[in-house]
Amino acid sequence: MKKTLIFNGSPRSNGDTASLLKILTKNLDGEFKIVNCYKDKISPCVDCRKCREIDGCVIKDKMQEIYDYLIDCDNVVVATPIYFSQPTGEFLNVASRFQRYFSQSYFNKNKPNLKAKKGSIILVGGGNGEWEPALNTVKDIMKMINVKEYSQPVVSHNTDNTPAINDENAVKTLLETAEFLNK
Ligand SMILES: Cc1cc2nc3c(=O)[nH]c(=O)nc-3n(C[C@H](O)[C@H](O)[C@H](O)COP(=O)(O)O)c2cc1C
């Protein structure tokens, strides 16, 4: 059975990101776990550097559950609004906790034991500026958790005028994303 970990980087419970995630999860096979970056009370990395000594993170919060899930999940989805052409700050805070994997391989010379994963990225934006910087940042982050293969990104970049749920192109790509993750 497929296992998918989904990061929701939006603060809005019924916003654009949430509406696209609803469609995705309806079409996903297997089980999934959603990390709500604004609500799950996950501390950011504080650069204590303990992960240069031990393989893991000493902050005991919900992130520990996510580390466990990451060991053998098949897919990772990052869905986030674009703030200043980047993922939201709260998503970046959560993602900073992946630093333990960087430390493990770079300082401790011990490759993290994470199953190779498929990755999908969903970005929504009002329509100002660029979305590519956000995509590149999320891809850099996903590399740290062993994402090896990506679907075409879902980008709805005109939500000031058209809610993401009414963006036909984005919804079509989203359904293709579900197929990619289910394969
Ligand atoms: C602080 C802030 C910064 C934003 N920066 C951008 C931006 O750089 N480019 C853009 O297209 N939209 C920007 N937006 C608009 C949101 O990305 C947009 O409203 C999005 O659809 C909200 O998604 P959500 O409903 O899932 O939270 C910004 C919104 C906020 C609150």
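Structure shown above.
Since the model is a prediction, treat every value here as computed from it, not as a measurement.

*Asks:* Hey, could you go over the pairing of strand S3 (residues 75–81) for me, with residue numbers and the actual values?
*Replies:* Burial within S3 is extensive, with 7 of its 7 residues counted as buried. Inspection of the sheet shows strand S1 (residues 3–8) paired to S3 by 5 bridges, in the parallel sense. Among the inter-strand pairings, Phe7 is bridged to a residue of S3, identified as Val78. Relative to strand S4 (residues 117–124), S3 runs parallel, the two sharing 7 bridges. Residue pairing in the sheet places Asn75 in a bridge with Lys118 of S4.

*Asks:* Just give me the short version of the site of the ligand, but keep the residues and values in it.
*Replies:* The environment of the ligand is formed by 18 residues, the closest being Gly15, Thr17, Pro81, Gly125 and Thr159. Here the residues of the shell around the ligand are counted per class, giving 5 nonpolar, 11 polar and 2 charged.

*Asks:* I'd like a rundown of the environment of Asn128, residues and numbers included.
*Replies:* Within the secondary structure layout, Asn128 lies in the loop between S4 and helix H5 (132–143). Separated by 36 residues in sequence, Asn128 and Ala164 place their C-alpha atoms 15 Å apart.

*Asks:* Summarise helix H4 (residues 99–106); cite the residues concerned and give the values.
*Replies:* Taken together, the buried positions of H4 are Arg100, Tyr101 and Ser103. Looking straight down H4, one finds that the buried residues subtend no more than 160° of arc, so they occupy a single side.

*Asks:* Talk me through unusual backbone geometry; I want residue IDs and the actual numbers.
*Replies:* What you tend to see is this: most non-glycine residues have negative phi, and most peptide bonds are trans. Backbone geometry places Ser85, a non-glycine residue, at a positive phi of 65°. Locating Ser85 in the fold gives a position in the loop between S3 and helix H3 (89–95). The partly exposed category is assigned to Ser85, around which 15 C-beta atoms lie within 10 Å. Phi is positive for Asn146, close to 70°, though the residue is something other than glycine.

Calculation rules
Residue numbers run consecutively from 1 along every chain, following the written order of its sequence. At least 70 in pLDDT is required for a residue's local features to be given in this predicted model, at least 80 for side-chain atom pairs to be given and counted, and no such filter applies to totals for whole chains, interfaces and linings, which use all residues. We call a residue exposed when 12 or fewer other C-beta atoms sit within 10 Å of its C-beta, buried when the count reaches 20 or more, and partly exposed for counts in between; the C-beta positions come from the backbone. Strands are runs of DSSP state E lasting at least 2 residues, helices are runs of H or I lasting at least 4, and numbering of each runs from the N terminus. Pairing between two strands requires that DSSP report at least two bridges joining them. Placing the C-beta atom from the backbone, one calls a residue near a molecule or strand if that atom lies within 6 Å of it. The residue classification treats Ala, Val, Leu, Ile, Met, Phe, Trp, Tyr, Cys and Pro as nonpolar and Asp, Glu, Lys and Arg as charged. All others, Gly included, are polar. What the arc covers is the set of directions going from the helix axis to the C-beta atoms.

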